[in-house]
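Results of the structural survey
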Amino acid sequence: MTDINIFPNPTYGSIILDFKNLNFENAEIRVYNYEGRLVLLRTIEKQSGSTEINLSQFAKGIYNIRFVYDKSIISKR
């Protein structure tokens, strides 16, 4: 499987990115606001199954999350 699960959605603080079914060495998590501006960038060096991201410091709204690994991009709202 080449997908990623993000929960809870909607959130009022932190989200969990679950990528247990992906196999990668290095990846980036990029969070974009509704204007398309990059507001958060996190690098994951090795597969760990899941990671938590705190979004409570950002304004309420819809965010686009991109998980970039190898030559693939998975994009979620």
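Residues numbered from 1 in each chain as written. Predicted model: local features only at pLDDT ≥ 70, side-chain atom pairs only at ≥ 80, totals over all residues. Heavy atoms only, no water.

Helices and strands together make up the secondary structure of the protein, namely zero helices and seven strands. Traced from its N-terminal end to its C-terminal end, the protein shows the element sequence β-β-β-β-β-β-β. For a compact globule of 77 residues, the expected C-alpha radius of gyration is about 11 Å, and the protein comes in at 12 Å, within 12% of that figure. Reported as C-alpha extents along the three principal axes, the dimensions of the protein are approximately 30 × 20 × 20 Å. Among the 77 residues that make up the protein, the fraction classed as buried is 36%. Sequence-distant contacts in the protein: of pairs separated by 6 or more residues, those separated by 24 or more amount to 54%. In the structure as shown, the protein presents an accessible area of about 5400 Å², 46% of it carried by carbon and sulfur atoms. Counting 10 positive and 8 negative side-chain charges, the protein places the centres of these two groups 6 Å from one another. (Helix = DSSP H or I, 4+ residues; strand = E, 2+ residues; numbered from the N terminus. Rg over C-alpha atoms; globule rule 2.2 N^0.38 Å. Buried < 20%, exposed > 50% of the residue type's maximum accessible area, 1.4 Å probe, protein only. Contact = heavy atoms within 4.5 Å. Areas by Shrake-Rupley, 256 points an atom, 1.4 Å probe, with all protein chains shown as cover. Lys, Arg positive; Asp, Glu negative; His and termini not counted. Charge placed at Lys NZ, Arg CZ, Asp CG, Glu CD.)

Its boundaries defined by the atoms lining it, the largest pocket holds a volume of some 390 Å³. Considered class by class, the residues forming the lining of the largest pocket number eleven nonpolar, five polar and two charged. (1 Å grid on protein atoms, 1.4 Å probe; cavity = no way out; pocket = protein on both sides within 12 Å on 5 of 7 lines; lining within 4 Å. Points joined across faces, edges and corners; volume = space filled by probe spheres on them. Nonpolar A, V, L, I, M, F, W, Y, C, P; charged D, E, K, R; others polar.)

The three strands lie next to each other as β1-β2-β5, forming an open sheet whose pairing is antiparallel. At either margin of the open sheet sits one strand with a lone partner, and together these are β1 (5–7) and β5 (50–54). Ignoring which end each strand starts from, the neighbouring axes of this sheet average 20 degrees apart. One ladder, built from five bridges, connects strand β2 (residues 14–18) with β5; its direction is antiparallel. (Pairing = 2+ DSSP bridges. Axes fitted to C-alpha atoms, helices over the stretch in contact; angles between N-to-C directions.)

As a further point, take the sheet that holds strand β3 (residues 27–32). Strand order in the open sheet formed by four strands is β4-β3-β6-β7, with antiparallel pairing between adjacent strands. Pairing within the sheet leaves two strands with one partner each, and these edge strands are β4 (38–44) and β7 (72–76). Direction aside, neighbouring strands of the sheet carry axes that sit 15 degrees apart on average. Examined bridge by bridge, strand β6 (residues 64–69) and β7 share five bridges and lie antiparallel to one another. What sits directly across from Arg66, in β7, is Ser75.

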